[in-house]
Amino acid sequence: MDAMHAHPGVVSAHEVFPSEAEHHAHHHKQSFITKYIFSQDHKTISKQFLITGIIWAIIGGLFSVLFRLQLGFPGQAFPILETVFGKWAPGGEIKPEFYYALITMHGTILVFFVLTAGLSGTFSNFLIPLQVGARDMASPFLNMLSYWFFFLASIVMMSSLFIQTGPAAGGWTVYPPLSALHEASEGSKLGMDLWIVSIALFVVSILLGGLNYVSTILNLRTKGMSMTRMPLTIWAFFFTAIMGIVTFPVLLSGLILLFFDRNLGTSFYLSDIVINGQILPNEGGSAILFQHLFWFLGHPEVYIVIMPAMGIVSEILSVNSRKPIFGYMAMVGSLFAITILSTLVWAHHMFVTGMNPLLGSIFALLTLLIAVPSAIKVFNWLTTIWRGNIRFTPAMLFAIGFVSLFISGGLTGIFVGNATLDIQLHDTMFIIAHFHLVMGVAAFFGMFAGLYHWFPKMFGRYMNPTIGYIHFWVTLIGAYLIFWPMHYQGLAGMPRRYLDKSPWVSFNQFGELDKMISVVTIIVFVVQLMFVFNFFYSIFKGRKVTSENPWKANTLEWTTPINPGHGNWTGEIPEVHRWAYDYGKDGKDFIPQTEPVGVNEKIER
Amino acid sequence: MDIVSDQQSKKIHPYKFTLWVALASILMMFAGMTSAYIVKSNQAGWHDVVMPKIFWISTVAILCSSLTMQMTLRSFKQRAMQQYRLLLATTFILGIVFIVFQCIGFLHLWNQQHVTLKGSGAGQFLYVIFGLHVVHVLGGVIALMIIFFKEFFGRVKVFSAAPLEVATTYWHFVDALWIYLLIFFLWVG
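All figures in this text were calculated on a predicted structure; none of them were measured in a lab.

Draft legend 1. Representation of the confidence of the model for chain A. When the pLDDT values of chain A are averaged, the result is 92; 95% of them are 70 or greater. Below pLDDT 50 for its whole length, residues 1-27 of chain A participates in 72 contacts with residues either more than four positions away or in separate chains.

Encoded structure:
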């Protein structure tokens, strides 16, 4: 098919529209490789993103269990750790270098590989063509490349876990000068170079994916599907893709400069450094410059993580409340507002760098403004389920759980968005509690909700709901048990990133609390494994879906066959006559988007 | 069973649209770089460089190549294939000329002005930013090469102008990007 060259944006020499993939599907028998491995079908690519994401989630989650062992039981030996990790845990105790590598990789893996690629990659790929009424993405070939760049990035990052000096260790933000100097630590050696290469490949993957999402949404909507008739999922994926396209290249710029500093002798980020008693020749660099470039992506990144979850949750809440979404245009408007604001607040991560207080207060103001669209969304979700005819499916529970976590974690954002308060709280556990609730666990809940909800469309079978309920309750209670106490630890000034806090009398009082958190972490992790088992078991043995529209939903994906082939619809692409949220209208439980408007019917839009 | 439904087919070709979005993203990358330059240039220990004259020659080359690229597209649309091939080859060569002169410029800076990668002034930024730009021009040159070979050796005759239009837009973009970078370095540097 298409020719692809050195630059991701260039497509050439392809004389027909991408329907060629179609013809392949019809005229040629597909081999195993073209169907499951180098597939150009958006549904298969979505599952590839998902399963790669699940593997990463298990690894990233396991890392958190390991460093929680250290935090909950400092000084205690776990001989099994030495058996498995050898020199990284001599005598069964986690080495400081190992601990640092664990938290670094936990952050990198969860933020980038699971909650960006795994979440956005899975659902944008799966739902965009199905819900806007397209046979595939604007460029199925670039879409396939998007996955394979992610795969390459994964391989590089994975390999860094196994090298002698270990993976990158300097926090997922890889601040220089630590990350820029090979001699600074074990984790700043080859592991850091692999980290940079991996993330560069990852950026290419995100851009290729994002280009496709945006042009598919704008160009390939079916007849009648005006922008304001799109389900909120699509709006969320749309703004997410735009944010990614605009901000990831800036991270790439920052990483290129970092790579030059590390390997080619420049000093963009380095100045006046003494290491091991030796004065380095680097002069004139600014470490703060990297923080600006990093957080220009880093802050929108948390919205890149949370916005797909917001879209998924909006859809699921409406379907399972049998009520139209409350304030559709306000929902779209708030997504838009969040997108704009997200690029204007990055320096609130840098209040402690000694920035000009005036600048700090501007960033604090813009940060607090985000509370407005966020609150609009929360109230609209609550009013959507208010007096609804709620079906408590596992997907619905996770969607409600998402709203709960988003409120709990979001409110503390008002604390740390203030420069004055942040300077006190910045390096404490308070921050850990805040962002894990609001964008970590909440985004995971959105992802789980989406998986339980669209699993029947993905695999033609249901996941086991009983395991789903157990999964939900343990995860929800566990998440609060883990992260709620951290707020108090943070308010008491307990620092984050520390290997062992037991020598400090003032933090000793939290020793038992830390033990409890660690034990709950292990339980929650095991329950996630149960979910993974449920997922894979249900693909093959789950209860079969017998009707096209099992949730009685309005959106277009439920008009396709139970197991849609490449091209999604067997006949013509259906035409759309109304928005996606006609639930409980004119005495009908639901009216699909494809149903023509009645003679005397008044439609919302 | 076309992916593009009737209603949508009047709109901009999806590949062209995709390219525009991609250009926005490339632009952001260079915006990141030049903002970093501005931030750094206001700090202590900044060293300026004198822009080698050779970059003016490469500017002329890339401006000419934009012109020939546009003529290439026009002759393709008029199905003047002989002229089209000639112009495509000319554009390709001008692209190579640009890259070569950029490299000569780098060497001049390195050997005559003794600006190496040590340090963090305008020179180091110049290597990184202009270097990245060269990589993007190289992408365009490879695109032209593929179009050229498809024309000669492809089994299917290409009648749609869309791929060439995409390549043309990209080519003008890297040209405009170069003008921006040149003005930026002359102005701020």
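Draft legend 2. Structural detail: the confidence of the model for chain B. Residue and element names in this part refer to chain B. Overall, the prediction assigns chain B a mean pLDDT of 89, with 93% of residues at 70 or greater. Confidence drops under a pLDDT of 50 for residues 1-9, and excluding neighbours within four residues, the segment shows 26 contacts in the predicted structure. On the interface metric, ipTM, the complex scores 0.90, and its pTM is 0.92.

Draft legend 3. Representation of the packing of helix α11 (residues 357-369) of chain A against helix α12 (residues 371-385) of chain A within the structure. All names here are of chain A. Packing of α11 against α12 leaves a shortest axis separation of 5 Å and a crossing angle of 10°. In terms of orientation, α11 lies roughly parallel with respect to α12. Touching T367, L368 and L369 of α11 are A371, V372 and P373, all from α12. Each residue belonging to the contact of α11 with α12 can be placed in one class, and the counts come to 5 nonpolar, 1 polar and no charged.

Draft legend 4. Broad picture of the nonpolar core. Ranked by size, the top nonpolar core spans 255 residues in total, and within it A:F112, A:F123, A:W195, A:F248, A:W381, A:F402 and B:F130 carry the most contacts. When near neighbours in sequence (up to four residues on either side) are disregarded, A:F248 contacts A:F112, A:T116, A:F202, A:V203, A:I206, A:L207, A:M243, A:L297, A:E301 and A:I304.

Draft legend 5. Structural view of the pattern of salt bridges. Residues and elements named next belong to chain A. Counted according to the given criterion, the structure contains 14 salt bridges over all chains. For E186, the salt bridge goes to K189, with nearest N and O atoms at 3.6 Å. Judged by relative accessible area, E186 falls into the partly exposed class, the value being 31%. By relative accessible area, K189 is classed as partly exposed at 29%. Look at the salt bridges and you will find they share partners, linking R578, D582, K585, D586 and E601 into a network.

Draft legend 6. Up close: the environment of A:T108. Residue and element names in this part refer to chain A. Along the polypeptide, T108 turns up in helix α5 (residues 96-132). In this structure, the C-alpha to C-alpha distance between T108 and I199, residues 91 residues apart in sequence, is 9.2 Å. Leaving out residues up to four positions away in the same chain, T108 has contacts with F113, M157, W172, W195 and I199. Within the structure, T108 has its side chain in polar contact with the side chain of W195 (distance 3.1 Å).

Calculation notes
- Residues numbered from 1 in each chain as written.
- Chains lettered and ligands numbered in written order.
- Predicted model: local features only at pLDDT ≥ 70, side-chain atom pairs only at ≥ 80, totals over all residues.
- Heavy atoms only, no water.
- pLDDT = per-residue confidence, 0-100.
- Contact = heavy atoms within 4.5 Å.
- Axes fitted to C-alpha atoms, helices over the stretch in contact; angles between N-to-C directions.
- Helix = DSSP H or I, 4+ residues; strand = E, 2+ residues; numbered from the N terminus.
- Parallel < 35°, antiparallel > 145°, perpendicular 65-115°, else oblique.
- Nonpolar A, V, L, I, M, F, W, Y, C, P; charged D, E, K, R; others polar.
- Core = buried A, V, L, I, M, F, W, Y, C linked by side-chain atoms within 4.5 Å.
- Buried < 20%, exposed > 50% of the residue type's maximum accessible area, 1.4 Å probe, protein only.
- Salt bridge = Lys/Arg side-chain N within 4 Å of Asp/Glu carboxyl O.
- Polar contact = N/O pair within 3.5 Å; in protein donor to acceptor, adjacent residues only side chain to side chain.

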